[in-house]
Amino acid sequence: MVWTDEKVEQLKKLWFQQYTACQIAELIGGVTRNAVIGKAYRLKLKKPPLKKPEKKTEKKASKKKPAEPAVRAPERIVTVAPPMTKIEVRKNAPRPFKKPVLVAGQPLPPQPSINEVSPEELENVKEVEKTSLKISLMDLTERTCKWPIGDPATPDFWFCGLPSLQGKPYCQAHERIAYQPLASRRDRRSDN
């Protein structure tokens, strides 16, 4: 934006006529309100003090028509949209997030730790699960194994329930397949 001498003179004139920076920007054209404020600041322009209204001596003062400014700001055309019906509001409303629904009998995605476990360890875990206590979520405590077994969407879903290792959430068998050393996981991946 280049301030020509004409634009600067027009800015000074409108500034002292007490137009707002927004109105001045619209009248000059091609400048923003902030550009007008910045230029007025750099020119060290100060607005003249507002004229104090004269005190009325009579109770009935004649109503004078205010003088129109020499330059008028262009009028803005505002269009109003018709109100939306309830059906349109529902169609345009944001949709709430829906959790995926588990269907009984539908297989769950495989757990990564189980896929990386050796077949011998899996057989050992299956033998341990045969002797587990098969407890519900409400029966879990700090001292019981919290390893989930089965599909949560079916009624035969349960937790291991065997005594857990101290400070750990799982029993010894489930602990081995839940937490594996990084080196052994790397070795299994490189074998595939």
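A.B. asks: Help me understand the nonpolar core, please; the structure alone is not making it clear to me.
C.D. replies: A general tendency of soluble globular proteins is for nonpolar side chains to be buried together. Among the nonpolar cores identified, the biggest contains 15 residues, and Trp-3, Leu-11, Ile-24, Ile-28, Val-31 and Val-36 are the most heavily contacted of them. Elements represented by at least two residues in this core include exactly helix H1 (5–16), helix H2 (21–28) and helix H3 (33–42). Here this core gets five residues from one element, more than from any other, and that element is H2. Formed by 12 residues, the second largest nonpolar core is a distinct cluster that contains Ile-149, Trp-158, Cys-160 and Cys-171.

A.B. asks: How should the environment of Glu-129 be read in this particular structure?
C.D. replies: By the secondary structure assignment, Glu-129 is in helix H6 (residues 119–130). Expressed as a C-alpha distance, the spacing of Glu-129 and Trp-147, which sit 18 residues apart in the sequence, is 9.8 Å. Ignoring sequence-local partners within four residues, the contact set of Glu-129 consists of Lys-134, Trp-147, Ile-149, Trp-158 and His-174. Separated by 3.1 Å, the side chains of Glu-129 and His-174 make a polar contact.

A.B. asks: So what exactly am I meant to see when it comes to unusual backbone geometry here?
C.D. replies: Most peptide bonds are trans, and most residues other than glycine sit at a negative phi. Even without glycine at this site, Gln-18 takes up a positive phi of about 65°. Within the secondary structure, Gln-18 sits in the loop between H1 and H2. Its identity is not glycine, yet Lys-44 carries a phi of approximately 55°, on the positive side. For Lys-44, the position within the fold is in the loop between H3 and helix H4 (86–92).

A.B. asks: Just checking my understanding: could you explain H3 for this structure?
C.D. replies: At 3.6 residues per turn, the α-helix brings residues three or four places apart onto the same side. By the burial criterion, the buried members of H3 are Val-36, Gly-38, Lys-39 and Ala-40. Those residues of H3 hidden inside the fold are in contact with H1 and H2. Immediately downstream of H3, the backbone of Lys-44 shows phi near 55°, a positive value.

A.B. asks: What exactly am I supposed to notice about the pattern of salt bridges here?
C.D. replies: In a structure, side chains of opposite charge can pair up when their charged atoms sit close to one another. Taken as a whole, this structure holds two salt bridges when the rule is applied. Of the charged contacts in the structure, one is a salt bridge between Lys-130 and Glu-127, with a shortest N-O distance of 3.5 Å. Separated by three residues within a single helix, Lys-130 and Glu-127 lie in helix H6, roughly one turn from each other. Classification of Lys-130 by relative accessible area gives exposed; the value is 62%. You can call Glu-127 partly exposed: its relative accessible area is 45%.

A.B. asks: Would you mind showing me how to read H2 here?
C.D. replies: Taken residue by residue, H2 has Ala-21, Ile-24, Ala-25, Leu-27 and Ile-28 as its buried positions. One side of H2 holds all its buried residues, which, seen down the axis, span an arc of 165°. The secondary structure elements touched by the buried residues of H2 are H1 and H3. Once H2 finishes, Gly-29 follows within two positions and takes phi at roughly 80°, a positive value.

A.B. asks: Would you mind going over the packing of aromatic side chains with me for this structure?
C.D. replies: What characterises a pair of aromatic rings is the spacing of the ring centres plus the angle enclosed by the ring planes. Summed over the entire model, instances satisfying the criterion amount to two aromatic pairs. Look at Phe-157 and Phe-159: their rings are 5.3 Å apart centre to centre, the planes differ by 75°, and that puts the pair in the edge-to-face class. Overall, the relative accessible area of 11% leaves Phe-159 in the buried class. Lying across the ring of Trp-158, Lys-134 places its NZ or CZ 5.2 Å from the centre.

A.B. asks: When you look at the side chain of His-174 in this model, what are you seeing that I'm missing?
C.D. replies: Within the secondary structure, His-174 is located in helix H7 (residues 172–178). Excluding residues within four positions of it along the chain, His-174 makes contact with Val-125, Glu-129, Cys-145, Trp-147 and Cys-160.

Conventions used here
- Residues numbered from 1 in each chain as written.
- Predicted model: local features only at pLDDT ≥ 70, side-chain atom pairs only at ≥ 80, totals over all residues.
- Heavy atoms only, no water.
- Core = buried A, V, L, I, M, F, W, Y, C linked by side-chain atoms within 4.5 Å.
- Buried < 20%, exposed > 50% of the residue type's maximum accessible area, 1.4 Å probe, protein only.
- Helix = DSSP H or I, 4+ residues; strand = E, 2+ residues; numbered from the N terminus.
- Contact = heavy atoms within 4.5 Å.
- Polar contact = N/O pair within 3.5 Å; in protein donor to acceptor, adjacent residues only side chain to side chain.
- Salt bridge = Lys/Arg side-chain N within 4 Å of Asp/Glu carboxyl O.
- Arc of directions from axis to C-beta.
- Phe/Tyr/Trp six-rings, centres within 6.5 Å; stacked < 30°, edge-to-face > 60°.
- Lys NZ or Arg CZ within 6 Å of the ring centre and 35° of its normal.

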